[in-house]
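# Geometric and topological summary
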Amino acid sequence: MFKYKVLGPVIFGGVIVNSGEIELDETKGARLVERGILEEVEAEEETDINKMKVDQLKDYAEKNGIDLGDAKGKPEILKAIKEAEAVANANTTS
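Residues numbered from 1 in each chain as written. Predicted model: local features only at pLDDT ≥ 70, side-chain atom pairs only at ≥ 80, totals over all residues. Heavy atoms only, no water.

Another point: the overall build of the protein. Within the protein, the regular secondary structure consists of 3 helices and 5 strands. In summary, the protein has a C-alpha radius of gyration of 20 Å against a globular reference of 12 Å for 94 residues, an excess of more than 25%. Projected onto its principal axes, the C-alpha positions of the protein cover 55 × 30 × 20 Å. Scored against the burial criterion, the 94 residues of the protein give a buried share of 24%. Long-range pairs, those at least 24 residues apart, make up 35% of the contacts in the protein with a sequence separation of at least 6. (Helix = DSSP H or I, 4+ residues; strand = E, 2+ residues; numbered from the N terminus. Rg over C-alpha atoms; globule rule 2.2 N^0.38 Å. Buried < 20%, exposed > 50% of the residue type's maximum accessible area, 1.4 Å probe, protein only. Contact = heavy atoms within 4.5 Å.)

Laid out in structure tokens, this is it:
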């Protein structure tokens, strides 16, 4: 199943859907994308930083513009990432 953004009215599960996202199999979704009714939504990678290794955490921090400062071990790196994300979330919700 793939996620699609609804761009125009489509009948989904017996209901007319004008907006939002729906999940369809690839074949049906592709036909509706060609007709301009749907747009494929890129799947967001589920990220559990607690399960990552140090190298993965460093890559994650770099990709997300997080300065790790002097953090070296996994606990320090995790703390730095979580603090940076908490500040970023606070700034976007204020």
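Within the open sheet, the 3 strands sit side by side as β4-β1-β5. Their pairing is antiparallel. Strands at the two margins of the open sheet, each flanked by one partner only, are β4 (21-24) and β5 (38-40). Neighbour-to-neighbour, the strand axes of the sheet open up by a mean angle of 40°, direction not taken into account. Alignment of strand β1 (residues 2-6) against β5, held across 3 bridges, turns out to be antiparallel. Bridge pairing links Val6 to Leu38 in β5. (Pairing = 2+ DSSP bridges. Axes fitted to C-alpha atoms, helices over the stretch in contact; angles between N-to-C directions.)

Buried residues of helix α2 (residues 54-63): Leu57, Tyr60 and Ala61, and no others. Summarising the axial view, the buried residues of α2 lie within an arc of 100°, below the 170-degree limit, and thus occupy one face. Exposed residues pointing more than 90 degrees away from the buried face of α2 are listed as Asp55, Glu62 and Lys63. Downstream of α2 by a residue or two, Gly65 has a phi angle that is positive, lying close to 65°. (Arc of directions from axis to C-beta.)

With that settled, the discussion passes to the pattern of salt bridges. Scanning the model with the defined rule gives 1 salt bridge in all. With its nearest N and O atoms 3.9 Å apart, the salt bridge here joins Asp48 to Lys51. (Salt bridge = Lys/Arg side-chain N within 4 Å of Asp/Glu carboxyl O.)

Okay, the pairing of β4 next. Only one face of β4 is covered, namely the face carrying Ile22 and Leu24; the face carrying Glu21 and Glu23 is uncovered. Relative to β4, β1 runs antiparallel, the two sharing 4 bridges. Paired with Lys3 across the strands is Glu23, a residue of β4.

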